[in-house]
Amino acid sequence: MVSVRKMFALLCLGLMGLASGHSWGQTAPSGDLQKVISQLNSAAAKFGSAQADFVWDQYQVVVQDHDVQAGTIYYERKNGSTRTAAYFKQENGKDARKTMVYDNGEVNFYQPEIKQITIMRAGANKGQWESFLTLGFGGSGADLEANWNVTLQGTETIDGVSVAKLDLVPKQQKVLDMFSHVTIWVDPIRGVSLKQIFYEPSGDNRTATYKNIRYNQPIKGDIFRIDAPPGTTKAIK
């Protein structure tokens, strides 16, 4: 079981590059990193909201085991603030309902099977948390360069889309302690990442893929609210 803090880190980092999109028929550039950064800046300026279906595959190298989670993610940015909600639907092919919501500096992680909401508050780290969240949806190329050492490793084709392969090494030690580096396959014209792999110092890794991405469509406000039944307990981490 992935810890709540680790899951939130993956929620933030695992969705980087999924920004607003346009010009679906265009392809990624062939080589210039600064051109990629500029295109991501342009995509970020158009971002309002996004939704996507995700699959996260956590691989533990010692036991050679896969833990696969699937669900739907929602992001919305208004007045310079970002909020997000992840609805987990399946784990290893079986029904496993969980919900994680981030709004205004607070994470709420709801586990209905044990009737508990785990709460984490950003406090003085709110700015840092939201800087990672905007890397996910609506993040700019400038944000990438501010927080990561970015290397362009060429271009590939995924699902018929030409994407830039970027390798990211964290500049902050706290992030580096969790992930030695992250590789993303991003279409900078749309600002959307189709695939990411997170490499942990232990040798474990997580592969994230995103499909059915919907941009700038209205999202109901209750998506970002957890309506738990009576008797649900709360635990603050």
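Look a little higher up for the structure.
Residues numbered from 1 in each chain as written. Predicted model: local features only at pLDDT ≥ 70, side-chain atom pairs only at ≥ 80, totals over all residues. Heavy atoms only, no water.

Engineer: Explain the overall build of the chain residue by residue, including any values.
Structural biologist: Counting its secondary structure elements, the chain contains 5 helices and 12 strands. Within the chain, buried positions represent 51% of all 237 residues. Pairs at least 24 apart in sequence give 56% of the contacts found in the chain among residues at least 6 apart. Carbon together with sulfur atoms contributes 48% to the accessible area of the chain, which is approximately 10,700 Å² in total. (Helix = DSSP H or I, 4+ residues; strand = E, 2+ residues; numbered from the N terminus. Buried < 20%, exposed > 50% of the residue type's maximum accessible area, 1.4 Å probe, protein only. Contact = heavy atoms within 4.5 Å. Areas by Shrake-Rupley, 256 points an atom, 1.4 Å probe, with all protein chains shown as cover.)

Engineer: I'd love a proper account of the packing of aromatic side chains, names of residues and values included.
Structural biologist: All chains considered together, the criterion is met by 5 aromatic pairs. Centre to centre, the rings of Phe 54 and Phe 88 are 5.6 Å apart; their planes meet at 80 degrees, and the pair counts as edge-to-face. Residue Phe 54 is found in strand β1 (residues 49-60), and its partner Phe 88 is found in strand β3 (residues 81-91); the two are separated by 34 residues along the sequence. Here Phe 54 and Phe 88 have matching classes, each one buried. Seen from their ring centres, Trp 56 and Phe 88 are 5.7 Å apart, and the 75 degrees between their planes marks the pair as edge-to-face. Taken together, the residues span a long stretch of sequence, with Trp 56 in strand β1 and Phe 88 in strand β3 at a distance of 32 residues. Of the residues examined, Trp 56 reaches a relative accessible area of 1% and is grouped as buried. Through pairs of rings, three or more aromatic residues link up here, namely Phe 54, Trp 56 and Phe 88. Taking NZ or CZ as reference, Lys 98 lies 5.4 Å from the ring centre of Phe 88, over its face. The side chain of Lys 195 reaches across the aromatic face of Trp 185, ending 4.8 Å from its centre. (Phe/Tyr/Trp six-rings, centres within 6.5 Å; stacked < 30°, edge-to-face > 60°. Lys NZ or Arg CZ within 6 Å of the ring centre and 35° of its normal.)

Engineer: Tell me what's going on with the sheet that holds β3, and back it up with residues and numbers.
Structural biologist: The strand order β7-β8-β9-β10-β11-β1-β2-β3-β4-β5-β6-β12 describes an open sheet built from 12 strands, whose pairing is mixed. Across the chains shown, the open sheet's two edge strands, defined by having one partner strand only, are β7 (148-158) and β12 (233-236). Each neighbouring strand pair of the sheet contributes to a mean axis angle of 20 degrees, computed without reference to strand direction. In the sheet, β1 pairs with strand β11 (residues 205-215) via 9 bridges, with the strands oriented antiparallel. Pairing of Gln 58 across the sheet is with Arg 206, part of β11. (Pairing = 2+ DSSP bridges. Axes fitted to C-alpha atoms, helices over the stretch in contact; angles between N-to-C directions.)

Engineer: Go over the environment of Gly 141, please, and point to the residues and values.
Structural biologist: Mapped onto the elements of the fold, Gly 141 is located in helix α4 (residues 141-147). By relative accessible area, which is 0% here, Gly 141 ends up buried. Here the alpha-carbon distance between Gly 141 and Ser 42, two residues 99 residues apart in the chain, equals 8.7 Å. Not counting the four nearest positions on each side in its chain, Gly 141 is found in contact with Ile 37, Leu 40 and Asn 41.

Engineer: Hey, could you go over the nonpolar core for me, with residue numbers and the actual values?
Structural biologist: Among the nonpolar cores identified, the biggest contains 44 residues, and Phe 88, Leu 144, Trp 148, Val 150, Leu 166, Leu 168 and Tyr 210 are the most heavily contacted of them. The biggest single contributor to this core is strand β8 (residues 161-170), with 5 residues. Counting residues in hydrophobic clusters, the runner-up holds 6 residues, among them Tyr 74, Ala 85, Val 101 and Phe 224. (Core = buried A, V, L, I, M, F, W, Y, C linked by side-chain atoms within 4.5 Å.)

Engineer: Describe the pairing of strand β4 (residues 94-103), and please don't skip the residues or the numbers.
Structural biologist: Of the strand pairs in this sheet, β3 and β4 are connected by 7 bridges, and their pairing is antiparallel. Its bridge partner lying in β4, Ala 86 is registered against Met 100. As consecutive antiparallel partners, β3 and β4 are separated by 2 residues, and within that stretch Asn 92 has a phi angle of approximately 55 degrees, a positive value. Across 5 bridges, β4 lies against strand β5 (residues 106-111) in antiparallel orientation. Within the sheet, the bridge partner assigned to Thr 99 lies in β5 and is Tyr 110. The loop that links β4 with its antiparallel partner β5 comprises 2 residues; one of these, Asn 104, has a positive phi angle of about 55 degrees.

Engineer: An account of the pairing of β11 is requested, with residue identities and associated values reported.
Structural biologist: With 5 bridges connecting them, strand β10 (residues 192-199) and β11 associate as antiparallel partners. By the bridge assignment for β11, Ile 197 is matched with Thr 207. Here β10 hands over to β11 after 5 residues, with Gly 203 in that stretch at a positive phi of 105 degrees.

Engineer: How would you explain the pattern of salt bridges if you had to name every residue and give the values?
Structural biologist: On inspection of all chains with the given rule, the structure shows 10 salt bridges. The partner of Glu 76 in a salt bridge is Arg 83, with the nearest N and O atoms 2.8 Å apart. On the accessibility criterion, Glu 76 (7% relative accessible area) is buried. Close ionic contact of Asp 95 with Arg 97 constitutes a salt bridge, the shortest N to O distance being 2.8 Å. Classification of Asp 95 by relative accessible area gives exposed; the value is 56%. For Arg 97, a relative accessible area of 46% corresponds to the partly exposed category. Residues joined in a network through salt bridges with shared partners are Glu 76, Lys 78, Arg 83 and Asp 103. (Salt bridge = Lys/Arg side-chain N within 4 Å of Asp/Glu carboxyl O.)

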